[in-house]
Amino acid sequence: MLGLLALVSASIFFGAAVYVNIAEQPARLALDDVGALAQWRPAYKRGFAMQAPLAALSALLGAAAWWTTSDLLWVLGAVLMLSIMPTNRQLENTASGRTRDHLVRWGRLHAVRSALGAAATATYLIAAARGI
């Protein structure tokens, strides 16, 4: 059960991250620089408040699933979810400027976050399938 909860929380994280890359970031970049930055600030704050706890919860659940099953795929998924945190710090630091270049770079870094979420989700899915 712990592993399935890890999978669900990683999947929710991944879905939210991909939404930002596919829908929110392109819409933001269609605005002028002042409007784009004004939209980014509250969106990032709210997104972080949702995604950071999901990443932490998924990592804890993945570690707990590994502890109870000894299947290394669970801990690998947990490590992937934890590896998102340094990307968060880069995202925060990147957005300190007010230029379009910073927002574009932020979008690329966010894509890394989405890829890590996808990798963790896939890893948890494989681990869950092996346990069935």
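Residues numbered from 1 in each chain as written. Predicted model: local features only at pLDDT ≥ 70, side-chain atom pairs only at ≥ 80, totals over all residues. Heavy atoms only, no water.

Q: Would you take a moment to explain the overall build of the protein chain for this structure?
A: When helices and strands are tallied, the protein chain shows five helices and zero strands. If you list the helices and strands of the protein chain from N to C, you get α-α-α-α-α. Its C-alpha atoms give the protein chain principal-axis dimensions of roughly 50 × 20 × 20 Å. Looking at the protein chain as a whole, 42% of its 132 residues are labelled buried. Sequence separation of at least 24 residues holds for 79% of the intrachain contacts in the protein chain that already meet a minimum separation of 6. (Helix = DSSP H or I, 4+ residues; strand = E, 2+ residues; numbered from the N terminus. Buried < 20%, exposed > 50% of the residue type's maximum accessible area, 1.4 Å probe, protein only. Contact = heavy atoms within 4.5 Å.)

Q: Explain the packing of aromatic side chains to me, please; I cannot follow it from the model alone.
A: Where two aromatic rings form a pair, the distance of their centres and the angle of their planes describe that pair. One pass over the structure, following the stated rule, counts six aromatic pairs. Note on Trp40 and Trp106: the rings are 5.9 Å apart at their centroids and 85 degrees apart in plane angle, and the pair reads as edge-to-face. Taken as a pair, Trp40 in helix H2 (residues 33-69) and Trp106 in helix H5 (residues 100-130) lie far apart in primary sequence, 66 residues in all. Given the relative accessible area of 2%, Trp106 is considered buried. Arranged with centres 6.4 Å apart and planes meeting at 85 degrees, the rings of Tyr44 and Trp106 form a pair that is edge-to-face. Taken as a pair, Tyr44 in helix H2 and Trp106 in helix H5 lie far apart in primary sequence, 62 residues in all. The two residues Tyr44 and Trp106 agree in class, both being buried. By the ring-pair criterion, three or more aromatic residues cluster together here, those being Trp40, Tyr44, Phe48 and Trp106. (Phe/Tyr/Trp six-rings, centres within 6.5 Å; stacked < 30°, edge-to-face > 60°.)

Q: Mind showing me how you'd approach the environment of Leu61 here?
A: Mapped onto the elements, Leu61 comes out in helix H2. Residue Leu61 is classed as buried on the basis of its relative accessible area, which comes to 14%. Once the C-alpha coordinates of Leu61 and Val18 are considered, the two residues, 43 residues apart in sequence, prove to be 22 Å apart. If near-sequence neighbours (up to four positions away) are discounted, Leu61 is found in contact with Leu2, Leu5, Ala6 and Ser9.

Q: Is there a simple way to explain unusual backbone geometry in this structure?
A: Outside of glycine, negative phi angles account for most residues, and trans bonds account for most peptide bonds. Backbone geometry places Ser70, a non-glycine residue, at a positive phi of 65 degrees. Relative to the assigned elements, Ser70 resides in the loop between H2 and helix H3 (72-82).

Q: Mind showing me how you'd approach the side chain of Thr123 here?
A: Relative to the helices and strands, Thr123 is located in helix H5. On the basis of relative accessible area, Thr123 is assigned to the buried category, the value being 11%. A polar atom in the side chain of Thr123 sits 2.8 Å from the backbone oxygen of Ala119. Apart from residues no more than four positions distant in its own chain, Thr123 is found in contact with Leu73, Leu76, Gly77 and Leu80. (Polar contact = N/O pair within 3.5 Å; in protein donor to acceptor, adjacent residues only side chain to side chain.)

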